[in-house]
Amino acid sequence: KKHGRGTLHFPDGSRLECTWADDECEGEGQYISADGDITQGHFTDGVPTGPVRETTAEGALIFDGHYEEGIRHGPGTLYFGDGGSITGTFVEGVLDGDAAYTYPDGSQLVGEWRNGDMWKAHYLDQAAAAAAKAAQDAAAMAASEAKGRKAAAPSARHLRSRTVFSQASGPARATRRAAARRSSSSPPPQEKDGEEAVFTYDPPVGKIIARRPLLPDPYETPRVYAAPSPIPGANEGLFARRDIQPHEVVAFYNGVKIPEMQANRRPWRFNGNCIWLYGEGDEGVMIDVPLEYVPTSAYCATLAHKANHSFTPNAEYCRFMHPRFGDIKGIRALDKVIPAGTEITVLYGYSRGEGPQWYRALAKSLGLTELLKSKRRRWAMEVVARPDEEQQASEDEGAGEKADEGDDSARIAKN
């Protein structure tokens, strides 16, 4: 039997480091997955139970909260790589009950989540969110002092059959985005509660981009706006409403989800707002803002699709987990301040000489023809090209590909 401090190695390359007693992992320990992610905390009968922290191999925090018998259960905070986070109570690994989503700037959507989805929430700006948190912390401390001890975490002994972590095989690879689990029903499209806007989980369904397409995102609104662009040949563009700080997320790119094949078979004029969504389980899926939603009078819930191209951009695309729209893309500033009133531009980066006529002409005028023809480019981490027989497609035969600067997980077909 295993006894004392030791490490149990699994066939997939992961390992469990802890103190063993009578062949069971007991006390403080950590599970390190094959890709380096770490689940660290207290183990009972071989599974995490109690306070647990999950981090990536690079040390970024994924989850900080309570586990019960190998699964997230009780109070906790889930952190996203885009700077957002969500705090609430997890039940069998899924957020359920009162919760607060925190945007990268500290402002929040506060309300009720049901089975992982935002059911009804109101927006609090940074000052209001900070005041609310201070009040909650003070109330929690007072309650703890009154009881003379810290409040006990909720029990879930009935979840033995639902355990996602077993000492024999290591933890099941549960999704890092538990908040993205979808309920079988959706909340009513309520616009306001008194004078306050009400926000709910509102993902695209089929060809419908959102049930409330004219309800602007409260984080995005004070940062950007759409207006006519001075770029020759462009229509509207995306502009900074105030000074934008380096690396600040400024806008979101929501849209209907379409398969790669559909985009590749359409003429370029239909792919003007089509952006690639890459990720585990998402390969071959694109985000598209259909032509009927291009006018802001028809859709203004998010505005990132208004950003125009530049070979010297001041912003870039990024992945974003949004509480209202789910797994989408966003735009964040590069390493310089974008002054108020400046147009925000991104690099479209079509590869292999592909792209609409205006893009190819611009690249040629700037002497970038050779860069467009190469597989790897100075401005892109990686380009994944279509098969050779498809690379000679004309402007009217399919969507081109576009890679993000500094983001090798995305390809874009957008003119």
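Above this text you will find the structure in question.
Predicted, not measured: the structure shown is a model, and the values here were computed from it. (Residues numbered from 1 in each chain as written. Predicted model: local features only at pLDDT ≥ 70, side-chain atom pairs only at ≥ 80, totals over all residues. Heavy atoms only, no water.)

Participant: Tell me about the pattern of salt bridges, and please be specific about residues and values.
Facilitator: Under the defined criterion, the tally for this structure stands at 12 salt bridges. Put simply, Arg72 and Glu54 hold a salt bridge, and the shortest N to O gap is 2.9 Å. In this pair, Arg72 is assigned in strand β7 (residues 71-79) and Glu54 in strand β5 (residues 47-55), connecting sequence segments 18 residues apart. Residue Arg72 is classed as buried on the basis of its relative accessible area of 6%. The exposure class of Glu54 is buried, given its relative accessible area of 0%. Residue Glu248 is joined to Arg223 by a salt bridge in which the shortest nitrogen-to-oxygen separation is 2.8 Å. Residue Glu248 is located in the loop between β17 (236-240) and β18 (249-253), and its partner Arg223 is located in the loop between β15 (196-197) and β16 (224-228); the two are separated by 25 residues in the primary sequence. An identical accessibility class is assigned to Glu248 and Arg223; each is buried. (Salt bridge = Lys/Arg side-chain N within 4 Å of Asp/Glu carboxyl O. Helix = DSSP H or I, 4+ residues; strand = E, 2+ residues; numbered from the N terminus. Buried < 20%, exposed > 50% of the residue type's maximum accessible area, 1.4 Å probe, protein only.)

Participant: Outline the side chain of Ser85, listing residues and values.
Facilitator: Mapped onto the secondary structure, Ser85 falls in strand β8 (residues 85-91). Overall, the relative accessible area of 10% leaves Ser85 in the buried class. Dropping the residues within four chain positions of it, Ser85 is found in contact with Thr77, Leu78, Tyr79, Phe80, Ala100, Tyr101 and Thr102. (Contact = heavy atoms within 4.5 Å.)

Participant: Now, about the state of the cysteines: what can you tell me, with residues and values included?
Facilitator: Tallied over the full model, the rule gives one disulfide. Residue pairing for Cys18: its cysteine sulfur links by disulfide to Cys25, the two sulfurs lying 2.3 Å apart. (Disulfide = S-S within 2.5 Å.)

Participant: I'd like to hear about the environment of Gly255, residue by residue, with values.
Facilitator: Assignment of secondary structure puts Gly255 in the loop between β18 and β19 (256-259). Since its relative accessible area comes to 0%, Gly255 is described here as buried. In this structure, the C-alpha to C-alpha distance between Gly255 and Ile275, residues 20 residues apart in sequence, is 9.1 Å. Ignoring anything within four residues of it in the chain, the contact list for Gly255 reads Pro204, Ile209, Ile287, Asp288 and Val289.

Participant: Before we move on, can you summarise the nonpolar core with the specific residues and values?
Facilitator: Residues Tyr101, Trp113, Leu238, Ile331 and Ile344 are the most contacted members of the largest nonpolar core, which totals 66 residues. Of all the elements, β18 adds the most residues to this core, at five residues. If near-sequence neighbours (up to four positions away) are discounted, Ile344 is found in contact with Val224, Leu238, Phe239, Ala240, Val250, Ala307, Asn308, Asn314, Ala315, Ile331 and Ile338. Within the second largest apolar cluster, seven residues are counted, among which are Phe10, Cys18, Tyr31 and Phe43. (Core = buried A, V, L, I, M, F, W, Y, C linked by side-chain atoms within 4.5 Å.)

Participant: Explain the sheet that holds strand β10 (residues 108-114) to me, using residue names and the numbers behind them.
Facilitator: The 11 strands are arranged β1-β2-β3-β4-β5-β6-β7-β8-β9-β10-β11 in an open sheet whose pairing can be described as antiparallel. Both outer strands of the open sheet, β1 (4-9) and β11 (117-124), are each paired with one neighbouring strand and no more. Strand-to-strand twist in this sheet, taken as the mean axis angle between neighbours without regard to direction, amounts to 15°. As judged from the five bridges shared by strand β6 (residues 61-68) and β7, these two strands associate in the antiparallel manner. Looking at β7, one finds that Asp64 is bridged to Thr77. (Pairing = 2+ DSSP bridges. Axes fitted to C-alpha atoms, helices over the stretch in contact; angles between N-to-C directions.)

Participant: Account for the packing of aromatic side chains, naming residues and giving values.
Facilitator: Considering all chains together, one arrives at 15 aromatic pairs under this definition. Plain terms: the ring middles of Tyr225 and Phe239 are 5.7 Å apart, the flat faces sit at 20° to each other, and that makes the pair stacked. Placement of Tyr225 in strand β16 and of Phe239 in strand β17 is noted, with a sequence separation of 14 residues between them. By relative accessible area, Phe239 is classed as buried at 7%. Between Phe252 and Phe320 the ring centres are 4.6 Å apart and the planes differ by 55°, which places this aromatic pair in the tilted class. (Phe/Tyr/Trp six-rings, centres within 6.5 Å; stacked < 30°, edge-to-face > 60°.)

Participant: Lay out the sheet that holds strand β25 (residues 343-346) with the relevant residues and their values.
Facilitator: Read from one edge to the other, the open sheet built from four strands follows the order β16-β17-β25-β22, with strand pairing classed as mixed. Where the open sheet ends on each side, the last strands, each with one partner, are β16 and β22 (308-309). Strand direction decides the pairing type here: β17 and β25, joined by two bridges, are antiparallel. The partner of Phe239 across the bridge, within β25, is Glu343.

Participant: How would you explain the environment of Asp64 if you had to name every residue and give the values?
Facilitator: With respect to the helices and strands, Asp64 occurs in strand β6. Its relative accessible area of 30% is what places Asp64 among the partly exposed residues. A sequence separation of 10 residues divides Asp64 from Glu54, and the C-alpha atoms of the two residues are 6.4 Å apart. Ignoring anything within four residues of it in the chain, the contact list for Asp64 reads Val52, Arg53, Gly76, Thr77 and Tyr79.

Participant: Could you give an account of the environment of Ala227, naming the residues involved and the relevant values?
Facilitator: The topology assignment puts Ala227 in strand β16. Spatially, the C-alpha atom of Ala227 lies 9.1 Å from that of Glu343, the residues being 116 residues apart in sequence. The contact partners of Ala227, leaving out residues within four places of it in the chain, are Asn235, Glu236, Gly237 and Phe239.

Participant: Which residues make up a nonpolar patch on the surface, and what are the values?
Facilitator: Residues Trp358, Leu362 and Leu366 make up a contiguous nonpolar surface patch of about 260 Å² in total accessible area. Its place among the elements puts Leu366 in the loop between α3 (357-365) and α4 (369-373). Residue Leu366 is classed as partly exposed on the basis of its relative accessible area of 49%. (Patch = residues over 30% accessible without salt bridge, like charges linked within 9 Å, V, L, I, M, F, W, Y side chains within 5 Å. Areas by Shrake-Rupley, 256 points an atom, 1.4 Å probe, with all protein chains shown as cover.)

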